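Topology and contacts: notes
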Amino acid sequence: MFAPGSVICKHALRLSSVQANLSSSFVKTIFESKPAFKTRPALDTSRGVRCYASVGKGADNIVHISPVFKVPEENLEEFKNNIINGLYPLVLNEPDCIYYNFVRNGNEFHCREAYYGAKAALHHLDNVGVPLGKALELAELTKLDIYGPSEELEQLKEPLKDLNARYFEQL
């Protein structure tokens, strides 16, 4: 469910490989630690897959950001070190970060991150300015998708106007 080494910022957890296949009771505990945020199984489980939808107070202002970086072969190690030693330690101190981690496929790196609102997302960008700048020197930002309620997305459009982001409004 969560990748080994994932960081859930609000709770400052690092998940070991043993915890990578978490039980549903552990996941339920994480969601219940933010009392207003609950999950509900989707109705159609005919294929044996359970899908969870966010409902209730706490889900109404969440902003998800998904940047994708293409890293040249000669910069792979330095890029990875910048993530582990530059970005991750700073993000652990962000109180309104829900989760933040990188995943990799070859030389393509995806950052998966979510925040309680646009203000928290902007605070994150200010907080990680130096290592993020380094990441942009080492790699090309090939895609930036941002998901959330329209009111939150509007607050991000002007500050992020130079990044060619795509905005997806929550239904």
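Rules used throughout
Residues numbered from 1 in each chain as written. Predicted model: local features only at pLDDT ≥ 70, side-chain atom pairs only at ≥ 80, totals over all residues. Heavy atoms only, no water. Helix = DSSP H or I, 4+ residues; strand = E, 2+ residues; numbered from the N terminus. Buried < 20%, exposed > 50% of the residue type's maximum accessible area, 1.4 Å probe, protein only. Contact = heavy atoms within 4.5 Å. Areas by Shrake-Rupley, 256 points an atom, 1.4 Å probe, with all protein chains shown as cover. Axes fitted to C-alpha atoms, helices over the stretch in contact; angles between N-to-C directions. Parallel < 35°, antiparallel > 145°, perpendicular 65-115°, else oblique. Nonpolar A, V, L, I, M, F, W, Y, C, P; charged D, E, K, R; others polar. Left-handed = near helix turned anticlockwise from the far one by under 90°. Disulfide = S-S within 2.5 Å. Salt bridge = Lys/Arg side-chain N within 4 Å of Asp/Glu carboxyl O. Arc of directions from axis to C-beta.

**As for the overall build of the protein chain**
- Along the protein chain, the regular secondary structure elements total five helices and nine strands.
- Going from the N terminus to the C terminus, the protein chain shows its helices and strands as β-β-α-β-β-β-α-β-β-α-α-β-α-β.
- Out of the 171 residues in the protein chain, the part that is buried amounts to 36%.
- Within the protein chain, counting contacts between residues at least 6 apart in sequence, those at least 24 apart form 57% of the total.
- Put simply, the protein chain shows about 10200 Å² of open surface, and 53% of that area lies on carbon and sulfur atoms.

**Focus: the packing of helix H3 (residues 118-127) against helix H5 (residues 150-157)**
- Relative to each other, H3 and H5 sit at 30°, their axes nearing to 9 Å. On the basis of their axis angle, the class for H3 and H5 is roughly parallel. On H5, the residues that touch Ala 118, Lys 119, Ala 121 and Leu 122 of H3 are Glu 152, Gln 155 and Leu 156.
- Along the lines of polarity and charge, the residues of the contact of H3 with H5 split into four nonpolar, one polar and two charged.

**Remarks on the packing of helix H2 (residues 76-91) against helix H4 (residues 129-138)**
- At a closest axis distance of 9 Å, the pairing of H2 and H4 adopts a crossing angle of 165°. Taken together, the axes of H2 and H4 lie roughly antiparallel to each other. Taken as a pair, H2 and H4 cross one another with a handedness that is left-handed. The residues of H4 that touch H2, namely those facing Glu 78, Phe 79, Asn 82, Gly 86, Leu 87 and Leu 90, are Pro 131, Leu 132, Lys 134, Ala 135 and Leu 138.
- Looking at the contact of H2 with H4 residue by residue, the class counts come to seven nonpolar, two polar and two charged.

**Here's the deal with the state of the cysteines**
- Enumeration according to the criterion identifies zero disulfides in this entry.
- Distance from the sulfur of Cys 111, which forms no disulfide, to the nearest cysteine sulfur (Cys 97) is 8.8 Å.
- Look at Cys 111 and you get buried, because its relative accessible area is 1%.

**What to know about the pattern of salt bridges**
- Evaluation of the coordinates by the stated rule reveals six salt bridges.
- One salt bridge in this structure joins Lys 80 and Glu 77, with 2.9 Å as the shortest N-O distance. Taken together, the positions of Lys 80 and Glu 77, both in helix H2 and three residues apart, correspond to about one turn of that helix.
- For Lys 80, a relative accessible area of 24% translates into the label partly exposed.
- The residue Lys 161 makes a salt bridge to Glu 158 at a minimum N-O spacing of 2.7 Å. In this structure, Lys 161 and Glu 158 share a single accessibility class: exposed.
- Look at the salt bridges and you will find they share partners, linking Lys 143, Asp 145 and Arg 166 into a network.

**As for H3**
- Inspection of H3 places Ala 118, Ala 120, Ala 121 and His 124 among the buried residues, and these make up the whole buried set. Take H3 and look down its axis: the buried residues cluster within an arc of 165°, on one side only. Facing away from the buried side of H3 by over 90 degrees, the exposed positions are Lys 119 and Asp 126.
- In this fold, the buried residues of H3 make contact with strand E5 (62-70), H2, strand E6 (97-105), strand E7 (108-116) and H5.

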